[in-house]
Amino acid sequence: ALLCPIASPLNDEGKALMSIKASFSNVVNVLLDWDDVHNQDFCSWRGVFCYNASLSVLTLNLSNLNLGGEISPAIGDLRNLQYIDLQGNKLTGQIPDEIGNCASLVHLDLSDNLLFGDIPFSISKLKQLELLNLKNNQLTGPIPSTLTQIPNLKTLDLARNQITGEIPRLLYWNEVLQYLGLRGNSLTGTLSPDVCQLTGLWYFDVRGNNLTGTIPESIGNCTSFEILDISYNQITGEIPYNIGFLQVATLSLQGNRLTGQIPEVIGLMQALAVLDLSENELVGPIPPILGNLSYTGKLYLHGNKLTGPVPPELGNMSKLSYLQLNDNKLVGQIPSELGKLEQLFELNLANNELEGPIPPNISFCVALNQFNVHGNRLNGSIPLGLRNLDSLTYLNLSANSFKGRIPLELGHIINLDTLDLSRNNFSGPVPASIGDLEHLLTLNLSGNHLDGSLPAGFGNLRSILIIDMSMNNLSGSIPPEFGQLQNIFSLILNNNKLHGKIPDELTNCFSLATLNVSYNNLSGAVPLMRNFSRFLPDSFIGNPLLCGNWLGSICGPYMAK
Amino acid sequence: SGAVFERFGRSRRALGLGSSPPTCRSKCGMCLPCKPVHVPIHPGLSTPLEYYPEAWRCQCRKKLFMP
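Residues numbered from 1 in each chain as written. Chains lettered and ligands numbered in written order. Predicted model: local features only at pLDDT ≥ 70, side-chain atom pairs only at ≥ 80, totals over all residues. Heavy atoms only, no water.

A. Spatial organisation of the overall build of chain B. Along its length, chain B carries zero helices and four strands. In chain B, the succession of helices and strands from N to C terminus is β-β-β-β. In chain B, the proportion of contacts linking residues at least 24 apart, taken out of those at least 6 apart, comes to 42%. Per element, the accessible surface of chain B, about 4200 Å² overall, is 60% carbon and sulfur. (Helix = DSSP H or I, 4+ residues; strand = E, 2+ residues; numbered from the N terminus. Contact = heavy atoms within 4.5 Å. Areas by Shrake-Rupley, 256 points an atom, 1.4 Å probe, with all protein chains shown as cover.)

B. Local environment of a negative patch on the surface. Residue and element names in this part refer to chain A. Side chains of Asp12, Asp77, Asp97 and Glu98 sit close together on the surface and give a patch of like negative charge. The residue Glu98 is located in the loop between β5 (83-85) and β6 (107-109) in this model. Residue class for Glu98 comes out partly exposed when judged on its relative accessible area of 31%. (Patch = residues over 30% accessible without salt bridge, like charges linked within 9 Å, V, L, I, M, F, W, Y side chains within 5 Å. Salt bridge = Lys/Arg side-chain N within 4 Å of Asp/Glu carboxyl O. Lys, Arg positive; Asp, Glu negative; His and termini not counted. Charge placed at Lys NZ, Arg CZ, Asp CG, Glu CD. Buried < 20%, exposed > 50% of the residue type's maximum accessible area, 1.4 Å probe, protein only.)

C. Molecular detail of the interface of chain A and chain B. On the chain B side, the residues contacting the 36 residues of chain A number 27 residues. Summing both partners gives a buried area of about 2800 Å² for chain A against chain B, and 53% of it is carried by carbon and sulfur. Of all residues in chain A, A:Trp202, A:Glu226 and A:Gln247 give up the largest surface area on contact with chain B, accounting jointly for 20% of the area buried on that side. Between chain A and chain B we count two salt bridges in total. Close ionic contact of A:Glu226 with B:Arg57 constitutes a salt bridge, the shortest N to O distance being 2.7 Å. Scanning the region where chain A abuts chain B turns up 13 residue pairs in polar contact (both at pLDDT 80 or more). Sorting the residues of the side of chain A that touches chain B by element identifies β10 (155-157), β12 (203-205), β14 (250-252), β15 (274-276) and β17 (298-300) of chain A as the ones contributing at least two each. (Buried area = accessible area lost by both parts, 1.4 Å probe. Polar contact = N/O pair within 3.5 Å; in protein donor to acceptor, adjacent residues only side chain to side chain.)

D. Structural context of the side chain of A:Asp229. Residue and element names in this part refer to chain A. Checked against the element boundaries, Asp229 lands in strand β13 (residues 227-229). Judged by relative accessible area, which is 1%, Asp229 ranks as buried. For Asp229, the side chain forms a polar contact with the side chain of Arg183, separated by 3.3 Å. Excluding its chain neighbours within four sequence positions, the residues that come into contact with Asp229 are Arg183, Phe204, Asp205, Val206, Arg207 and Ser252.

Structure (structure tokens):
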């Protein structure tokens, strides 16, 4: 037997593949079988697929192999190639002009690499191309206007690059294009009315560019669009009435500079699954007709200048899971009709001018995970029904005028990670049951009129990071059990009536970085060990009987060691 | 991205102001029942708290079709 097979030389395509391998790096284990010495049947090499009974490469699929290096110009020698997938590698360098010689190419996916430079104009020579995916690279320069010369292009995804210039208007005169992904670039210019010439398009996404100008009046003609995302640009002007002709499931206009009112006609767009108008400069009321959107799951109107009440009709949006109306100028009461929203996951009404109590019906929102009414003028006491909200992880009632006792039942909402009742008028004792909230990360009860002592059971808050009980009337001593809190980094107890010693056990809280026990009636000596060496006198001032290392202390300052 | 779904029958056409979810009548070929569902469309990398855009698709068992 021959030790070495008689070498018939590789054909041109085989040589091209060897050149392609040569310009990659990190090939050692990945392209082991690309070996013209031991296996000349390149159609059997990893990721290479040929036409039956021919030696012409049809498909090159080397996705997600951690390949580095560059794409060789030799790729242009694979004349019958229909499918290239090199996504998810670490390829760098430019896309070679020679790729335009792969005249049969239908599918070109170079996404998720580190390619830079311009998109080569030669791509427009690929008359069979249906998919061009270059997203998540570092490509610069403009979108070549010659891309409009590709007659069958269905998917064009250039998202997350650094592409500049305007969107070529000619690109819009395409009845075949179905998917246009341009998010996360630096595109400028305006949205042309011609965009509605894309009569086959369902996905239009220019989120996160620098587009200016207004939404074209004729936007309603874009009736094939299912997703219209022009968020996070610098679009100005009003939302046109004609938007009501759209058939979209997602309308994302957030993060622009839109002015004027929310058009009532949006309430007729029942195909909407997601409506996001947040972070604009919209004024006027929330149209009650939005309550007609009975298939909408996400409604974001936060960060505008909306006035008037929260319409009770929103309670009819039975599929709603996210409702964010925070950071507006809404007035009136929280409508009890919101209690009908059985799928509601997040309700954010913070930073408005709402009054009155939390309606007890909120406890029927059994799916509620996050409830935030921070910074309103709400009053009354905490409805006991809140304890039924088993899924609640975030409860923020801070900076309102709530009063009464903190119900011990709050300790039964076992999944809470944040409980913020600060800056209200709560009185009475701190319920020991709060110590049962084993998942609690942040507990803020500061700025109330709470009295009684700190529950020793807080030592069981094994996840807790922040405890703030400052600005209350708490008395008694600091329980030594606080020394069990191994993750706590902030313990704020200033401006109360705490007395007794600072327990030495607190020096076991290794993570404690911020301690404030100032302005109490503490006495004895400040512990000197471990973490306590890092606390400045500010942590302790205003305790006349406390002995520590500061000027004016009853026993200080200490002598240098 | 750019997911391609089979399309049966003519695509929806706007009739006037407003919209409604697709009926999905005869949109799943021979497969029954054929019902409208929300489907998240993954636009590539996004920040952890960002939601995905959603589109309507017609679903029959585990298969999705264009409305």
